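Report on the structure
Given next are the chains, with one letter for each unit.
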Amino acid sequence: MSENYKEAFEKTRLAGTIAAGALDEVAKIAIPGLRTDKIDKLCYEFLGDHGAYSAPLFYRGFPKSCCTSTNHVVCHGIPSDKILKDGDIVNVDVTAFKDGWHGDTSRTFEIGEVSVKAKKLVRTTYEAMMKAIKIVKEDIHLGDIGSAIQKHVEAEGFSVVQDFCGHGIGQLFHKEPNVLHYGQKGTGEKIKAGMIFTIEPMINLGKYETKTLNDGWTAVTKDKSLSAQFEHTIGVTKDGCEIFTLSGN
């Protein structure tokens, strides 16, 4: 590995491992009856116990340490006294800030017994993210990532949210490039070894349109259909990529 991005990879790996560890802890308590603010408290304390800080907390005024996006909430759901019920799905999005670097990851959890459609949506979303990650290496186009996700998702009868995207990350929480989850192969800039960014498809059971609620954060599906998301932070190498936010379980 080139020395000029070795440190960036090491620091991002450390932050990413902590963020993934927080989600591993969430997985242990994700059952019916759980309040979403309990998830927030767990993530805040887990990051602090590991010498990290929650990047979302107070970011542009966001009031909590993680995002909890339930059912038709696409992203940026704010933890509250909301109680998760049997059959719900909830995406938990955590970003650890450690030693000046960020690690950003999310998973959608199934609460109790969820419907067959919800299960398929969650599985397809995860598969789409991993299919995209598998093709990442130096000199592919950003559009190749979006194309891989869109093809897989639409073949399963779902739609890709277009209002939000993945992003470059490192010492800054959000930076270039924007990583769209839809698009055409061979379009967009070529990616280079050393780049670090997120791939985080948001996939809807119904149509792709979203709207943001009056709190200025919570994005929901316009048609109130279910939405799922998964996210990894990855670093590009000459012949592939490294996932910095893998589960330790």
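Every value quoted in this text rests on a predicted model; they were computed, and no experiment measured them.

Turning to the sheet that holds strand β3 (residues 73–75), a few remarks are in order. Within the open sheet, the three strands sit side by side as β3-β12-β11. Their pairing is antiparallel. The open sheet is flanked by β3 and β11 (210–212), the only strands paired with a single partner. Going from strand to strand, the sheet's axes swing by 40 degrees on average, the running direction of each strand aside. Direction of pairing for β3 relative to strand β12 (residues 219–221): antiparallel, over a ladder of two bridges. Its bridge partner lying in β12, V73 is registered against V220.

Turning next to the pairing of strand β9 (residues 196–199). On β9, burial covers both faces: I196 and T198 on one face and F197 and I199 on the other are all buried. Relative to strand β14 (residues 232–237), β9 runs antiparallel, the two being bridged by four bridges. Residue pairing for β14: I199 is matched across the bridge by H232.

Turning next to the layout of surface pockets. In this structure, the largest pocket encloses a volume near 490 Å³. What lines the largest pocket is a set of 24 residues, among which Y59, H76, H167, F173 and H174 lie closest to the centre. Broken down by secondary-structure element, the contributors of at least two residues to the lining of the largest pocket are β4 (89–98) and β8 (175–179). In terms of residue count, the dominant contributor to the lining of the largest pocket is β8 (three residues). Considering only residue class, the lining of the largest pocket consists of 10 nonpolar, six polar and eight charged. By volume, the second largest pocket amounts to about 200 Å³. The wall of the second largest pocket is formed by 14 residues, among which T68, T70, V73, K82 and T218 lie closest to the centre. Looking at side-chain class alone, the lining of the second largest pocket contains four nonpolar, eight polar and two charged residues.

Turning to the environment of G235, a few remarks are in order. Positionally, G235 belongs in strand β14. In this structure, the C-alpha to C-alpha distance between G235 and K151, residues 84 residues apart in sequence, is 23 Å. In contact with G235, other than residues within four places in its own chain, are F9, M195, I196, G240, C241, E242 and F244.

Another aspect to go through is a nonpolar patch on the surface. Side chains of Y53, F58 and F97 sit close together on the surface and give an oily, nonpolar patch of about 320 Å² of accessible area. Relative to the helices and strands, F97 is located in strand β4.

Enumeration over the complete set of coordinates arrives at 13 salt bridges. Residues E25 and K28 are paired through a salt bridge, measuring 2.8 Å at the closest nitrogen-oxygen approach. A residue pair is termed a helical-turn pair when its members lie 3 or 4 positions apart in one helix, as E25 and K28 do in helix α1 (residues 3–29) at three residues. The exposure class assigned to E25 is partly exposed, which follows from its relative accessible area of 27%.

Moving on to the sheet that holds strand β13 (residues 227–229). Reading across the sheet, the three strands line up as β6-β10-β13 and stay open at both edges, with antiparallel pairing between neighbours. Two strands close off the open sheet at either side, each with one partner strand: β6 (159–160) and β13. Here two bridges tie β6 to strand β10 (residues 202–204), and the two strands are oriented antiparallel to one another. When the sheet's bridge partners are listed, V160 is paired in β10 with I203. Across the face of the sheet, helix α3 (residues 116–135) comes into contact with β10 and β13 while running at roughly 35 degrees to β13.

The subject of this paragraph is the nonpolar core. Soluble, globular proteins show a tendency: their nonpolar side chains are buried together. In this structure, I89, V136, I145, I149, I191, F197 and I199 are the most contacted members of the largest nonpolar core, which totals 30 residues. When contributions to this core are tallied by element, the ones reaching two or more residues are α3, α4 (142–155), β9 and β14. It is α3 that provides the largest number of residues to this core, a total of eight residues. Other than its neighbours up to four places away in sequence, I199 contacts M129, A132, I133, V136, I145, I149, V179, H181, F230, E231, H232 and I234. By size, the runner-up hydrophobic cluster in this structure holds 21 residues, among which are V26, A30, V92 and F109.

Conventions used here
Residues numbered from 1 in each chain as written. Predicted model: local features only at pLDDT ≥ 70, side-chain atom pairs only at ≥ 80, totals over all residues. Heavy atoms only, no water. Pairing = 2+ DSSP bridges. Helix = DSSP H or I, 4+ residues; strand = E, 2+ residues; numbered from the N terminus. Axes fitted to C-alpha atoms, helices over the stretch in contact; angles between N-to-C directions. Buried < 20%, exposed > 50% of the residue type's maximum accessible area, 1.4 Å probe, protein only. 1 Å grid on protein atoms, 1.4 Å probe; cavity = no way out; pocket = protein on both sides within 12 Å on 5 of 7 lines; lining within 4 Å. Points joined across faces, edges and corners; volume = space filled by probe spheres on them. Nonpolar A, V, L, I, M, F, W, Y, C, P; charged D, E, K, R; others polar. Contact = heavy atoms within 4.5 Å. Patch = residues over 30% accessible without salt bridge, like charges linked within 9 Å, V, L, I, M, F, W, Y side chains within 5 Å. Areas by Shrake-Rupley, 256 points an atom, 1.4 Å probe, with all protein chains shown as cover. Salt bridge = Lys/Arg side-chain N within 4 Å of Asp/Glu carboxyl O. Core = buried A, V, L, I, M, F, W, Y, C linked by side-chain atoms within 4.5 Å.

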